[in-house]
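# Results of the structural survey
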Amino acid sequence: MYSKIILKPGKEASLLRFHPWVFSGAIAGLAEPSAGPVQEGDKVLVMSHQGQVLGVGHAQAGSIAVRMLSFSDEPVDLSFYGKRIGQALRLRETLGLFRKGNDTFRLVHGEGDFLPGLIVDVYKDTAVLQAHSAGMHLDRELLAQALLQQCGHFLKRVYYKSENTLPHKESLGAIDGYIAGKAPARKPVACENGLKFHPDWEEGQKTGFFIDQRENRALVERYARGKRVLNMFCYTGGFSLYALRGGALEVDSVDSSAKAVALTEANVRLNFGTSAPHRALEAEAFGFLRSADETYDLMILDPPAFAKHQRVLPQALQGYRKLNALALKKIAPNGVLFTFSCSQAVSREDFRLSVVSAAVQSGRKVRILHQLCQPADHPVNIFHPEGEYLKGLVLFVE
Ligand code: SAH
C-alpha cells in the first residue's frame, strides 16, 4: 500500500486534465494512517481534498513533488512497466522506425510516453536507460527486466546512465553501468537512416548520440548537393554524414571538444573511408565564425542548450542572437542556414524572435523555408507542453 498524499482544495484540477506533475505548493499533507514518512522516490497515492483518488506517482524532493505514473489506483510493478514499455514499442513500430538501415530510436520519452522521469534510447541491441527522478532510479532493475521482457527479440543489454541527470545523486548512490547483459565484445555500430555510427553510451554526452535530429539531418541531405557545408557544434558528426551522402562538395565539422572531433572523424571513416571531402576542426564556435576565411553555402548551428533554467533566459536569447547574426553575415549569397535551439526554457516564439533580431543585424534578406521540431519518437504529451524542447528554422539567405 502506498502512502496517501492529500492535495489542497482545488489543486486536483490539473491532474484531472492529465498534467503529470504535482507541485509541492499543491500538497496539504499525508493521510492517516500512512505507511510512514514519504521518502524521495517512493510511490504515493495522490488524493484530492475531498478524498477522490487521482492516481499514483513517484515522490520527489523539490518543486515538482510528484510525477504521476498512472491516473488510477493501480500497483506500479513489473507488469505496469511492461505494459507502458509495450505501448511505447508499438508506437515506434507504427512510426516505421524498425526498418532496414535503422536500428536507432528513442523508445521511451518521459512524460511523452506516460513514464515521467524515464528516458530509454535504443542502439541496435542495447537500451540506454536514463533516470531523471529518484523513483525511476530506484526502479531501474524492474525497468530493465520489463525492457527485456518486451524487447527481448532485439535487446541484449541495458546500460544505466544517470550520473548527469539524477537530482541529489549523492544520497542515491547512482552508479552508471550495465544492469542487464554484458558490455559488447567489439566497438558497437548502430544505424540511422542507412548511415552507420559508433554510439558511445559509456563516455558520450546524453545517451551517446543525439537521436532527436534524425529527421532534420535527412532534410540537410536534400539540400547538400554541390554545397560547401559547415556543421557547427558537430558532436558525433550526424549532420555531416547526411551532407556527405547528399553529395556536398566539402564539409567542415566544428566542435570545441577534441573528443567530439575524433568521434566525427571515426564516423565519417566508417561510412565513407578516408577520402571523403571532409575536415573535422576543433574550435570555439563564436571565434571560428568571426575569423573563418571560408564561405559556406549550407550551415548548421546546433548548439548545446543556452538556457538550462528560466532565470538565464535573457542571456540565452542574446546568445542565440549573436550566434545567428555571425552565421547570417558569413553565409554565401543564396545560402541555407539550419539553426536550432534545444533549450526547453526557450519558447519557439522567443527563439524565432532572437533569429529575427539576428537577421535585422546582418542586413541580409532572409526567408523561412522550414520550421522544425523534435521527431515523433520524442512525442509531446498534449497535457504537458513542457515536453516540447527542440525547435529549428531553415532560412534562405540572399
Ligand atoms: N549537432 C550534434 C549535437 C550537438 S551537441 C548532433 O547532431 O549530434 C552540442 C555540441 O556543442 C557538443 O559536442 C559540444 O562539445 C559543442 N560545443 C559546446 N560549446 C561549444 C562552443 N562554444 N563552440 C563549439 N562547440 C561547442
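Everything below is about the structure shown above.
Report follows, based on the coordinates. Keep in mind it's a predicted model, so treat the numbers as computed, not measured.

### Quick notes on the nonpolar core
Among the nonpolar cores identified, the biggest contains 37 residues, and Tyr81, Leu107 and Leu147 are the most heavily contacted of them. Counting residues per element, the ones that place at least two in this core are strand 4 (43-47), helix 2 (78-94), strand 7 (104-109), strand 8 (118-123), strand 9 (126-131), helix 3 (134-138), helix 4 (140-151) and strand 10 (157-160). With near-sequence residues (within four places) excluded, Leu147 lies in contact with Ile85, Leu107, Val120, Ala127, Leu129, Gly152, Leu155 and Val158. Listed in part, the 33 residues of the second largest apolar core include Tyr296, Leu326, Ile331 and Leu393.

### A word on the environment of Arg217
Along the chain, the position of Arg217 falls in helix 6 (residues 214-223). Note: C-alpha distance between Arg217 and Ala243 (26 residues apart in sequence) is 8.1 Å. Once residues lying within four places of it in the same chain are set aside, the contact partners of Arg217 are Glu192, Phe209, Phe210, Gly238, Phe239 and Tyr242.

### Details of the packing of helix 10 (residues 313-330) against helix 11 (residues 348-362)
At their nearest, the axes of helix 10 and helix 11 sit 8 Å apart, and the two run at 40 degrees to each other. By the angle between their directions, the pair helix 10 and helix 11 is classed as oblique. Judged by the sense of rotation from one axis to the other, the crossing of helix 10 with helix 11 is right-handed. The segment helix 10 lies against helix 11, with Leu313, Leu317, Tyr320, Arg321, Asn324, Ala325, Leu328 and Lys329 engaging Asp350, Phe351, Ser354, Val355, Ser357, Ala358, Ala359, Gln361 and Ser362.

Cut-off values and rules
Residues numbered from 1 in each chain as written. Predicted model: local features only at pLDDT ≥ 70, side-chain atom pairs only at ≥ 80, totals over all residues. Heavy atoms only, no water. Core = buried A, V, L, I, M, F, W, Y, C linked by side-chain atoms within 4.5 Å. Buried < 20%, exposed > 50% of the residue type's maximum accessible area, 1.4 Å probe, protein only. Helix = DSSP H or I, 4+ residues; strand = E, 2+ residues; numbered from the N terminus. Contact = heavy atoms within 4.5 Å. Axes fitted to C-alpha atoms, helices over the stretch in contact; angles between N-to-C directions. Parallel < 35°, antiparallel > 145°, perpendicular 65-115°, else oblique. Left-handed = near helix turned anticlockwise from the far one by under 90°.

These figures capture arrangement, not role.
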